[in-house]
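Observations on chain architecture
So you can see what is in the structure, the chains are spelled out below.
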Amino acid sequence: MGGGTGDEADREFLALERELAVFLRRARASSGEMAREVHPELEPAAYGLLVRLEEAGEQRATELAGYFGVGKATMSRQLRALEHLGLVTREPDPADGRASLVRLTDEGLDRFRRVRDARRDRYVRKLAGWDPGEVAELARLLHQLNKRAES
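Residues numbered from 1 in each chain as written. Predicted model: local features only at pLDDT ≥ 70, side-chain atom pairs only at ≥ 80, totals over all residues. Heavy atoms only, no water.

Looking at the sheet that holds strand β1 (residues 59–60)
Which entries qualify depends on this criterion: Whether two strands pair comes down to DSSP finding at least two bridges between them. Secondary structure follows DSSP: runs of H or I at least 4 residues long count as helices, runs of E at least 2 residues long count as strands, and numbering of each begins at the N terminus. Any two residues whose heavy atoms approach within 4.5 Å at even a single point are treated as in contact. Axis lines are fitted to C-alpha atoms, over the contacting stretch for helices. Their N-to-C directions set the angle, which ranges from 0 to 180 degrees.
Within the open sheet, the 3 strands sit side by side as β1-β3-β2. Their pairing is antiparallel. Edge positions in the sheet fall to β1 and β2 (88–93), since each of these pairs with one other strand and no more. Here 2 bridges tie β1 to strand β3 (residues 96–104), and the two strands are oriented antiparallel to one another. Paired with Gln 59 across the strands is Val 102, a residue of β3. Helix-sheet contacts for helix α2 (residues 44–56) involve β1, β2 and β3, and the interaxial angle to β3 is about 105 degrees. Along the sheet, helix α4 (residues 72–84) makes contact with β2 and β3, crossing β2 at roughly 115 degrees.

Quick notes on the pattern of salt bridges
Cut-off, in case you're wondering: Each salt bridge in this description consists of a side-chain nitrogen of Lys or Arg and a carboxyl oxygen of Asp or Glu lying within 4 Å of one another. The classification of residues rests on relative accessible area computed with a 1.4 Å probe and restricted to protein chains. Under 20% of the type maximum is buried, over 50% is exposed, and intermediate values are partly exposed.
What the rule picks out here adds up to 14 salt bridges. A salt bridge links Arg 52 to Glu 55; the shortest N-O distance between them is 3.3 Å. Placement of the pair is Arg 52 and Glu 55 together in helix α2, with a separation of 3 residues, close to one helical turn. Its salt-bridge partner being Glu 107, residue Arg 111 comes within 2.9 Å of it at the nearest N-O pair. Placement of the pair is Arg 111 and Glu 107 together in helix α5 (residues 106–126), with a separation of 4 residues, close to one helical turn. Overall, the relative accessible area of 22% leaves Arg 111 in the partly exposed class. For Glu 107, a relative accessible area of 38% puts it in the partly exposed group. Here the salt bridges do not stand alone but share partners, grouping Glu 54, Arg 113, Arg 116, Asp 117 and Arg 120 into one network.

Below is the structure:
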């Protein structure tokens, strides 16, 4: 960060850590609620998979594991659970017959979008007093943080 002293930088990073910890705890609780709204048996961590598949389209399990920074075994377990619930399906990858592509089923897409739209409405209400530029800046900064976490 800018040309502050070591103590100032420490305070800035401690404040960042504190606020991220609170944010992440609330986000986990919210993801759990959202997951249960999609399907009562859906694990909270699997909700993010639905977000990614809706946004990016069909993907290989290895791509999903890399994106989320989890192991192949964890990803396989989560995808099996989603498949069992009828929310995703796997189809052979035309580019490589040994691999498969994961995509949302029509039911999975419908359930996810209904919950996502309700979540967006909650964000709109919570941030109603914010300037649109502030919302855009927050999104930009979070995107930057997430991109750096990927590498």
